[in-house]
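Structure assessment
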Amino acid sequence: MSGKRILLIVGGGIAAYKSLELIRLLAKDGIAARVILTKAGAEFVTPLSLGSLSGDRVYQDLFNLTDEAEMGHIELSRSADLVVVSPATADLMAKAANGLANDLASTALLATDKPVLMAPAMNVRMWGHAATKRNVAQLRADGVTVMEPDEGAMACGEFGPGRLPEPQRIFEQIKTMLEGPAEYGRLSGFRAIVTAGPTREPMDPVRFLSNHSSGKQGYAIAEALAKLGADVRLVTGPTQLPIPAGVTAVKVETALEMHKAVQAGLPADIFVGVAAVADWRPATRATGKLKLKGGKDDGVTLKLVENPDILKSVATRKKDRPRLVVGFAAETSDVEKHAKAKLTRKGCDWVVANDVSGDVMGGAENEILLVSKGKVERWPRMGKADVAQKLAERIAGAFYDPESGAAE
Ligand code: C5P
């Protein structure tokens, strides 16, 4: 990818040294990096080592006359194809989310007219703090791509999400973003339906059967498809999540309603069934609240009937079957075996399978297998947004290069 250039802002944190590895990976691929080093960043990594690897001078000061004469801060912020902040500290993200500009890094972030990528790194509690969550949501709403941090042991001795994503993962994200508008428009003109979240199956006006699905993975997939230009209809059960930008949402409660909304959305080119549809619903729904009988019964028997299989009904359509039907398989054991069986039983083209025996449901990360006819691909553990982006790219790829199938 020669000829491309990024502006790399190195924030202060123990992970700052990883920016050296990132610059090396970029250089190997012909991508030049011009570096801004914050004051805190310079406590962890020297301008000399960054400059030696980038083959350029390192910019540090907003009010440095020599710097300004060489390249003004406005020009610096626009001289690249992409601005990357790595590590993105809680402080840098807070500044950028609020439009502060009191040093070179934050000024460049405010002045730039280029896409911005942030790779966060901070203590697990700082990452989980309501203020950081607010800032991340604001940055994403402003169009900044904020990666999910890695999870693991931290330099401070704690454990959890907050580690800087590995340089290889940041590098791949940079490449995706540098591929430019052509890549982003790859699915324009394609219609996609995505189901997400749980369903609720009422037994009376106040009680229902449901499950722990948060909707995170389905929403992320709807958003990633929309970013590639697809016209996305998100059919969603009840969740706490905001509707992603550029997506048309149809909110439903029950499996029957979800089924109806999906049918109404067809025809489509792509169907991705991520919803955790309740397999059964109470056979009857009492019109008034069911009452206790003051201990005079020996328990209540709830009769359940099967819900329609939405995925199967879409995948087995004779007329107007979407060209690509993707199902999800949440398993607690023998993931690969069950996923393969599901592919055939449901008639879909791909199954994205994951092990939900841990904290996947409702959690921020996912580790999946992509199963298509005769092929299985294992993806490393990553954030749900990264899974979504990778899957959306694979979906786009399948339309341009059908021979490639799902999983090489
Ligand atoms: O059979 P199982 O529920 O494990 O299959 C999961 C896949 O099937 C998911 O993609 C889910 O969205 C879809 N599904 C569906 N309708 C159902 C049950 C599951 O669309 N009633």
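Residues numbered from 1 in each chain as written. Predicted model: local features only at pLDDT ≥ 70, side-chain atom pairs only at ≥ 80, totals over all residues. Heavy atoms only, no water.

Okay, the packing of helix 5 (residues 90-98) against helix 8 (residues 130-141) next. The angle between the axes and the distance between the axes are what describe a pair of packed helices. The geometry of helix 5 relative to helix 8 is characterised by a closest axis approach of 9 Å and an angle of 50° between their N-to-C directions. The pairing of helix 5 with helix 8 is recorded here as oblique in orientation. Regarding helix 5 and helix 8, the two cross each other, and that crossing is left-handed. Every residue of helix 8 that contacts helix 5 at Ala90, Met93, Ala94, Ala96, Ala97 and Asn98 is listed here: Thr132, Asn135, Val136, Gln138 and Leu139. (Axes fitted to C-alpha atoms, helices over the stretch in contact; angles between N-to-C directions. Helix = DSSP H or I, 4+ residues; strand = E, 2+ residues; numbered from the N terminus. Parallel < 35°, antiparallel > 145°, perpendicular 65-115°, else oblique. Left-handed = near helix turned anticlockwise from the far one by under 90°. Contact = heavy atoms within 4.5 Å.)

Domains assigned within the protein chain are domain 1 (5-180) and domain 2 (185-404). A C-alpha centroid distance of 35 Å is found between domain 1 and domain 2. Each partner contributes to the interface: domain 1 provides 7 residues, whereas domain 2 provides 6 residues. Approximately 600 Å² of surface area, both sides summed, lies buried where domain 1 meets domain 2, with 35% of it carried by carbon and sulfur atoms. There are 1 salt bridge connecting domain 1 and domain 2. At the surface where domain 1 touches domain 2, the tally comes to 1 residue pair in polar contact (both at pLDDT 80 or more). For the side of domain 1 that touches domain 2, the secondary-structure elements that each account for two or more residues are strand 7 (150-153) and helix 9 (167-178). Across the side of domain 1 that touches domain 2, the residue classes break down as 1 nonpolar, 2 polar and 4 charged. (Domains from an automatic or database assignment. Buried area = accessible area lost by both parts, 1.4 Å probe. Salt bridge = Lys/Arg side-chain N within 4 Å of Asp/Glu carboxyl O. Polar contact = N/O pair within 3.5 Å; in protein donor to acceptor, adjacent residues only side chain to side chain. Nonpolar A, V, L, I, M, F, W, Y, C, P; charged D, E, K, R; others polar.)

Here the focus is the sheet that holds strand 2 (residues 32-37). Strand order in the open sheet formed by 6 strands is 3-2-1-4-5-6, and the pairing between neighbours is parallel. Each edge of the open sheet carries a strand with a single partner, namely strand 3 (58-59) and strand 6 (145-146). In the packing of helix 2 (residues 47-54) onto the sheet, contacts are made with strand 1 (5-10), strand 2 and strand 3, and the angle to strand 2 comes to roughly 165°. (Pairing = 2+ DSSP bridges.)

In the vicinity of the ligand there are 13 residues, among which Gly273, Ala275, Leu311, Phe328 and Lys342 approach most closely. Within the backbone of Ala275, one N or O atom sits 2.6 Å away from an oxygen atom of the ligand. In the environment of the ligand, a nitrogen atom lies 3.0 Å from a nitrogen or oxygen atom belonging to the backbone of Ile310. Protein contact buries 85% of the 450 Å² of open area that the ligand shows by itself. The cavity where the ligand resides is the second largest pocket. The set of elements that each furnish at least two residues to the shell around the ligand consists of helix 13 (310-315), strand 17 (324-331) and helix 14 (335-346). (Near = heavy atom within 4 Å. Areas by Shrake-Rupley, 256 points an atom, 1.4 Å probe, with all protein chains shown as cover. 1 Å grid on protein atoms, 1.4 Å probe; cavity = no way out; pocket = protein on both sides within 12 Å on 5 of 7 lines; lining within 4 Å. Sits in = over half its atoms within 2 Å of the grid points.)

Computed from the structure, the largest pocket encloses a volume of approximately 1,700 Å³. For the lining of the largest pocket, the secondary-structure elements that each account for two or more residues are helix 7 (124-128), helix 8, strand 6, helix 9, helix 11 (216-227) and helix 15 (384-400). Tallied by class, residues from the lining of the largest pocket come to 27 nonpolar, 8 polar and 13 charged. In terms of domain composition, the lining of the largest pocket takes at least three residues from each of domain 1 (5-180) and domain 2 (185-404). Taken together, 41 residues make up the lining of the second largest pocket; nearest its centre are Ala275, Ala276, Val277, Asp279 and Phe328. Of all the secondary-structure elements, those providing two or more residues to the lining of the second largest pocket are strand 9 (191-196), helix 11, strand 14 (270-273), helix 13, strand 17 and helix 14. Grouping the constituent residues of the lining of the second largest pocket by class yields 18 nonpolar, 15 polar and 8 charged. (Points joined across faces, edges and corners; volume = space filled by probe spheres on them.)

Over its 12 residues, helix 14 extends 16 Å from the first C-alpha to the last, a length consistent with the 16 Å expected when each residue adds 1.5 Å. Contact partners of the buried residues in helix 14: helix 13, strand 17, strand 18 (350-355) and strand 20 (368-372). Following helix 14 by one or two positions, Gly347 adopts a phi angle in the positive range, close to 75°. (Expected span 1.5 Å × (residues − 1).)

Right, let's get into the packing of helix 1 (residues 18-28) against helix 9. It is at 9 Å that the axes of helix 1 and helix 9 come closest, and there the two elements cross at 45°. In terms of their interaxial angle, helix 1 and helix 9 are classed as oblique. Note that helix 1 runs across helix 9; the crossing there is right-handed. Only Pro167, Gln168, Ile170, Phe171 and Ile174 of helix 9 make contact with helix 1, whose side of the interface consists of Lys18, Glu21, Leu22, Leu25 and Leu26. Considering only residue class, the contact of helix 1 with helix 9 consists of 7 nonpolar, 1 polar and 2 charged.

By size, the foremost hydrophobic cluster in this structure holds 37 residues, and its most contacted members are Leu225 and Val272. Secondary-structure elements contributing two or more residues to this core are strand 9, helix 11, strand 12 (231-236), strand 14, strand 17, strand 18, strand 20 and helix 15. By residue number, the principal contributor to this core is helix 15, which donates 8 residues. Sequence-distant contacts of Val272, defined by excluding residues within four places in its chain, comprise Ile193, Val194, Thr195, Ile221, Leu225, Val326, Phe328 and Ile395. (Core = buried A, V, L, I, M, F, W, Y, C linked by side-chain atoms within 4.5 Å. Buried < 20%, exposed > 50% of the residue type's maximum accessible area, 1.4 Å probe, protein only.)

Time to look at helix 12 (residues 255-265). Think of an α-helix as turning once every 3.6 residues; residues three or four places apart then point the same way. Turning to helix 12, its buried residues are Ala255, Met258, His259, Ala261, Val262 and Gly265. Mapping the buried residues of helix 12 onto a view down its axis gives an arc of 165°, with all of them on the same face. Among the exposed residues of helix 12, those pointing more than 90 degrees away from its buried face are Lys260 and Ala264. For helix 12, the secondary structure elements touched by its buried residues are strand 9, strand 10 (201-202), strand 12, strand 13 (247-251), strand 14 and helix 13. (Arc of directions from axis to C-beta.)

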